[in-house]
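Each chain, letter by letter, is given below.
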Amino acid sequence: MKSSLITLFFLIVSQAAIAQTLHYEVIKGSKKLGDMDVKRVKTENGVNYQIDSEVTFRILFSFSVNYESTSEYKHGKLINEYTHNKLNGNTQKKSTIWFDGEKYTLDLNGSRTTIENPISYSVAAIYYEEPKDGQKVFSPQFGHFLTFKKVDDHVYEMESPDGTNVYTYTNGICSEVKVYRDFAKFSFVMTPESLQAVKRNQIVGGASVVD
């Protein structure tokens, strides 16, 4: 009995060591609009990501945006990813992409397409892995690849059909995202607690796979 409890304890400690979460606050000017958590769990031969965010805007009237994403990588390749974007509780965009061993199938708002190109870097991995200039990232929400452009040391710009995002990295981890949209400009800013963990290398950035 004692041996079993000791084994369980070390399993829990081990699991906690490989599951890490980054916390962000959504800021517009000096006002907090919401929160976002990005979780990474390393597995035996890959890594899983989970993103959850909630943002509330007031432009003439108040509206709430909820975003969730889950993804799984194995041996450096995206196996599946799910995203769901809701506005005031109603679905705006919903996507699922999965790999069948030969190709990807993307279901975007009920419309299916096939993607032949390999995917090793998608939106979920952005927060834990600093890109390179010109690097492609797959966006399930738009159904195609987007491109990073380096604009300064550890700062990258990415254009999408919705607008422009500017990503800043600290020790290989995304510490801030500036979001430019027609209706607003706001930022996802890492909380001081998460930033300290990154600076102390308690949370380390890197490739989306465990070799």
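Bear in mind the structure is a predicted one, so any value in this text is a computation, not a measurement. One numbering rule holds for all chains: residues counted from 1, following each sequence as written. In view of the model being predicted, local features appear only for residues whose pLDDT reaches at least 70, and side-chain atom pairs are presented and counted only at 80 or more, with totals across whole chains, interfaces and linings using the full set of residues. Heavy atoms throughout the structure, all of them, feed into the side-chain values; hydrogens and water do not.

Caption draft 1: Examining helix H2 (residues 192-199) more closely. Burial in H2 covers these residues: Ser194, Ala197 and Val198. Down the axis, H2 shows its buried residues gathered within 100 degrees of arc, on one side only. Exposed residues on H2 whose side chains face more than 90 degrees from its buried face are Pro192 and Glu193. Whether two residues are in contact is decided by their heavy atoms: any pair within 4.5 Å suffices. The helix and strand labels rest on DSSP assignments: H or I over at least four residues marks a helix, E over at least two residues marks a strand, and numbering proceeds from the N terminus. Contact partners of the buried residues in H2: strand S1 (19-28), strand S12 (163-170), strand S13 (173-180) and strand S14 (185-190). With its phi angle positive at about 60 degrees, Asn201 sits one or two positions after the end of H2. Relative accessible area decides the class of each residue, using a 1.4 Å probe on protein chains only: under 20% of the type maximum gives buried, over 50% gives exposed, and in between gives partly exposed. Taken from the helix axis, the directions to the C-beta atoms give the arc we talk about.

Caption draft 2: Seen up close, the packing of aromatic side chains. Note on aromatic contacts: the rings of Phe and Tyr and the six-membered ring of Trp form a pair at centre separations within 6.5 Å, being stacked when their planes are under 30 degrees apart, edge-to-face when over 60 apart, and tilted otherwise. By the definition in use, this model includes 10 aromatic pairs. Centre to centre, the rings of Phe99 and Tyr104 are 4.9 Å apart; their planes meet at 45 degrees, and the pair counts as tilted. On the basis of relative accessibility, which here comes to 1%, the residue Tyr104 falls in the buried class. Both rings, one in Tyr121 and one in Phe148, keep their centres 6.4 Å apart while their planes meet at 50 degrees; by these two values the pair is tilted. Of this pair, Tyr121 sits in the loop between strand S8 (111-115) and strand S9 (136-139) while Phe148 sits in strand S10 (residues 144-152), and the two are 27 residues apart along the sequence. The rings of Tyr121, Phe148, Tyr156, Tyr167 and Tyr169 are connected pair by pair, giving a single aromatic cluster.

Caption draft 3: Local environment of the side chain of Asn165. Looking at the secondary structure, you find Asn165 in strand S12. Taking relative accessible area as the criterion, Asn165 reaches 11% and is therefore assigned buried. Of the polar contacts made by the side chain of Asn165, one reaches the side chain of Tyr167; its length is 3.1 Å. Distance and chemistry together define a polar contact, namely a pair of N or O atoms within 3.5 Å, with one atom able to donate a hydrogen and the other to accept it when in protein, and with adjacent residues in sequence counting only for side-chain atoms on both sides. Engagement of the side chain of Asn165 in a polar contact is seen with the side chain of Arg181, the distance being 3.1 Å. Leaving out residues up to four positions away in the same chain, Asn165 has contacts with Tyr156, Glu157, Met158, Val177, Lys178, Val179 and Arg181.

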